[in-house]
Amino acid sequence: MSFQEYLKYLTKLFVTYMETPKDERRQRKAPRESWSSRWFGAIPMSIRLLWRK
């Protein structure tokens, strides 16, 4: 991929990003997972399930 193609690709992405309304951009963001599952994986969830039983 040449530099010009890459630059065209980036400008296309930027223009589509700027043309979408702010509300729509905010809705596209996926909700973040909790910090415990992000840092430690499925272990905290399995402990919580065992604790509830």
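The structure this text deals with has already been given above.
Residues numbered from 1 in each chain as written. Predicted model: local features only at pLDDT ≥ 70, side-chain atom pairs only at ≥ 80, totals over all residues. Heavy atoms only, no water.

Draft legend 1. The overall build of the protein, seen in detail. On a plain count of helices and strands, the protein comes out with four helices and zero strands. Each helix (α) and strand (β) of the protein, taken in turn from the N terminus, gives the series α-α-α-α. Computed over the C-alpha atoms, the radius of gyration of the protein is 20 Å, more than 25% above the 10 Å expected from 2.2 N^0.38 for a compact globule of 53 residues. Considering the protein as a whole, with its 53 residues, one finds that 8% of them fall into the buried category. By element, 63% of the accessible surface of the protein is carried by carbon and sulfur atoms, the whole surface being about 5,800 Å². (Helix = DSSP H or I, 4+ residues; strand = E, 2+ residues; numbered from the N terminus. Rg over C-alpha atoms; globule rule 2.2 N^0.38 Å. Buried < 20%, exposed > 50% of the residue type's maximum accessible area, 1.4 Å probe, protein only. Areas by Shrake-Rupley, 256 points an atom, 1.4 Å probe, with all protein chains shown as cover.)

Draft legend 2. Focus on the environment of Arg38. Within the secondary structure, Arg38 is located in helix H3 (residues 35-40). Relative accessible area serves as the criterion here: at 39%, Arg38 is assigned to the partly exposed category. C-alpha of Arg38 to C-alpha of Leu13: the two residues are 25 residues apart in sequence and 29 Å apart in space. Setting aside residues up to four positions removed in sequence, Arg38 forms contacts with Arg32 and Glu33. (Contact = heavy atoms within 4.5 Å.)

Draft legend 3. Structural view of a nonpolar patch on the surface. On the surface, Met1, Tyr6, Tyr9, Leu10 and Leu13 cluster together to form a nonpolar patch covering roughly 550 Å² of accessible area. For Leu13, a relative accessible area of 41% puts it in the partly exposed group. (Patch = residues over 30% accessible without salt bridge, like charges linked within 9 Å, V, L, I, M, F, W, Y side chains within 5 Å. Salt bridge = Lys/Arg side-chain N within 4 Å of Asp/Glu carboxyl O.)

Draft legend 4. Molecular detail of the side chain of Thr20. The topology assignment puts Thr20 in the loop between helix H1 (3-19) and helix H2 (22-28). Within the structure, the side chain of Thr20 is placed 2.8 Å from the backbone oxygen of Tyr17, a separation counted as a polar contact. Discounting chain neighbours no more than four positions away, the residues touching Thr20 are Arg25 and Arg28. (Polar contact = N/O pair within 3.5 Å; in protein donor to acceptor, adjacent residues only side chain to side chain.)

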